[in-house]
Amino acid sequence: MSVPSETSSCSIKQNATGENERRYGLGMGTPRSPKGRARETHKRLGFEYPDAKCELDHKNPFELLAATILSAQCTDKRVNMVTPNLFREYPDAESLSEASEVRVQELVRSTGFYVNKTKSLLGMAQALVDNHNGSVPSSMKELTALPGVGRKTANVVRSVALDLPGLPVDTHVGRLSRRIGITEEKDPVKVEMELNPMVAASERGLFSLRLILHGRRVCSSRKPVCEDCVLNDFCASSEI
Ligand code: SF4
């Protein structure tokens, strides 16, 4: 199957969309507004992935922050293999800030880019000790001031560990939002700014988690399985 472009127009077969129409009571191709598409997407993915949750193992905000830094260009599964030993040796910001760089590199090597990730981890821990009494701050401004922490990581920590509004935009969230017809933006920050007002503040983290799951399981970058997708009757890039 060819890969649909992210902005291709709808091409829908009646037999493939009939099931969705029966389940969700919509006409073919509706809703058409970006906000309507975002809401319908979240509603349907809520049925598909009712128990969506962050797959990075963690026991507190500090562990999630460190695990998210390690997850760049790496699978959650691999990060989860590394963090138990890391957190056993360095359970908090104080201990990690005093860690040997060589030892941390050794512990996180298998996650890739381990030299830079180690610098970020040590810098982040030192900043927590110096500026936040060893605790993870909650504001976007304070989080993104930490070494190695961008808006995506900050939004993960805010939404998952701190129960605050946050819509992490990773490659899956960006790709699906464009394919479905919710946004045309390519820059992750612009995608986040466009999506935020379309999703209730308390639902933003879940919306992101569900799009990520759908991107991994159904709408992959190279081979989206449109015939099995619950969004195929209104997705702007559906190939069925
Ligand atoms: S898999 Fe679903 S979301 Fe992805 S392009 Fe196909 S219909 Fe759209």
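Preceding this section is the structure that the text describes.
The rules behind each value
Residues numbered from 1 in each chain as written. Predicted model: local features only at pLDDT ≥ 70, side-chain atom pairs only at ≥ 80, totals over all residues. Axes fitted to C-alpha atoms, helices over the stretch in contact; angles between N-to-C directions. Helix = DSSP H or I, 4+ residues; strand = E, 2+ residues; numbered from the N terminus. Parallel < 35°, antiparallel > 145°, perpendicular 65-115°, else oblique. Left-handed = near helix turned anticlockwise from the far one by under 90°. Contact = placed C-beta atoms within 7 Å. Nonpolar A, V, L, I, M, F, W, Y, C, P; charged D, E, K, R; others polar. Buried ≥ 20, exposed ≤ 12 C-beta atoms within 10 Å, placed from the backbone. Expected span 1.5 Å × (residues − 1).

Draft legend 1. The packing of helix 3 (residues 61–70) against helix 7 (residues 114–132), seen in detail. At a minimum axis separation of 9 Å, helix 3 and helix 7 run at an interaxial angle of 160°. Judged by the angle between their axes, helix 3 and helix 7 are roughly antiparallel. For the pair helix 3 and helix 7, the sense of crossing is right-handed. Contacts from Leu65, Ala66, Ile69 and Leu70 of helix 3 reach helix 7 at Lys117, Ser120, Leu121 and Met124. By residue class, the composition of the contact of helix 3 with helix 7 is six nonpolar, one polar and one charged.

Draft legend 2. Structural view of unusual backbone geometry. For Gln73, which is not glycine, the phi dihedral falls at a positive 55°. Here Gln73 falls in the exposed class, since 9 other C-beta atoms lie within 10 Å of it.

Draft legend 3. Highlighting helix 2 (residues 34–48). With 15 residues, helix 2 ought to run about 21 Å at 1.5 Å a step, and its terminal C-alpha atoms sit 21 Å apart, in line with that. For helix 2, the full list of buried residues reads Arg37, Ala38, Glu40, Thr41, Arg44 and Leu45.

Draft legend 4. Representation of the environment of Asp130 within the structure. If you trace the backbone, Asp130 turns up in helix 7. By C-beta crowding, Asp130 is classed as exposed, having 11 other C-beta atoms within 10 Å. A sequence separation of 33 residues divides Asp130 from Ser97, and the C-alpha atoms of the two residues are 9.8 Å apart.

Draft legend 5. Up close: the environment of Gly181. As for its position among the elements, Gly181 is in the loop between helix 10 (171–180) and helix 11 (188–195). Remark: the alpha-carbon pair of Gly181 and Ser33, spanning 148 residues in sequence, is separated by 8.4 Å. Beyond its immediate chain neighbours, meaning those up to four positions away, Gly181 contacts Pro34, Arg37, Cys235 and Ala236.

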